[in-house]
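Summary of structural features
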Amino acid sequence: MTAPRCVECGAEAVLATGREAYPHRPDLAGKIMWKCQMCADSHCGCHEGSQRPLGRPAGPKVREARTLLHKRMLDPLWQTADQIYEGGFENELARTIVRGKARSRVYAFLANRLSMTKEECHTGSFDLDQCRAAWRALQGISYAEIREWAKVREKAAKENGDT
Ligand SMILES: [Zn+2]
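Below is a summary of the structure that appears in this document.

Rules of the game
Residues numbered from 1 in each chain as written. Predicted model: local features only at pLDDT ≥ 70, side-chain atom pairs only at ≥ 80, totals over all residues. Heavy atoms only, no water. Donors = N, O, S within 2.8 Å, 3.2 Å for Na, K, Ca; no water. Tetrahedral: all angles 85-135°; square planar, octahedral: opposite > 155°, others 65-115°. Buried < 20%, exposed > 50% of the residue type's maximum accessible area, 1.4 Å probe, protein only. 1 Å grid on protein atoms, 1.4 Å probe; cavity = no way out; pocket = protein on both sides within 12 Å on 5 of 7 lines; lining within 4 Å. Points joined across faces, edges and corners; volume = space filled by probe spheres on them. Helix = DSSP H or I, 4+ residues; strand = E, 2+ residues; numbered from the N terminus. Nonpolar A, V, L, I, M, F, W, Y, C, P; charged D, E, K, R; others polar. Domains from an automatic or database assignment.

Here we look at the coordination of the zinc ion
Within the protein, Cys-6 (SG), Cys-9 (SG), Cys-36 (SG) and Cys-39 (SG) serve as the donor atoms for the zinc ion, at 2.3 to 2.4 Å. Taken together, the four donor atoms coordinating the zinc ion span angles of 103 to 114° at the metal, a pattern that classifies the geometry as tetrahedral. The exposure class of Cys-6 is buried, given its relative accessible area of 0%. The exposure class of Cys-9 is partly exposed, given its relative accessible area of 36%.

Some thoughts on the layout of surface pockets
If a probe as big as a water molecule is rolled over the atoms, it shows which places are left empty. Reported here for the largest pocket is a volume of approximately 470 Å³. In terms of lining, the largest pocket is formed by 20 residues, of which the most central are Lys-31, Cys-44, Gly-45, Cys-46 and Leu-54. Those elements that provide at least two residues to the lining of the largest pocket are strand 2 (32-35), strand 3 (43-44) and helix 2 (60-79). Among the elements that line the lining of the largest pocket, the one with the most residues is helix 2, at four residues. The residue makeup of the lining of the largest pocket, split by class, is six nonpolar, ten polar and four charged. Looking at which domains feed residues into the lining of the largest pocket, each of domain 1 (1-58) and domain 2 (60-159) gives three or more.

Right under this line is the structure:
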């Protein structure tokens, strides 16, 4: 397992339990996490039931910025995507599919704007500058605009036989 690097200092993080790493944080006690040995309170979680890191360890300021980016920008964009479809949906499944597609388009748009690959474009890996750049890239953009952008790209990909 490759250790993730702390976004604050670039050092390799170490695996720790929440109890060892943050004895004063009972909410983290049962968790396995990656923790920076250099930076106070710089950590990230793991994928459920594994030691695979969820992004890169970061301190409170960066974690807060990531959370805001999600709650105020990214999530509202794709979660409200179904509102642009007039006439509603046949059922919940249809709505879920539309939202899933919207989510994927929103991330593709953001990756494009930040000159990242889709694999690199995970907020859990972002440092503060990347959070700020993502915020600026999405500010004032509606899902309808992202959808138009995505459709042009999807059409071009189809014409190139690249699906
Ligand atoms: Zn660090």
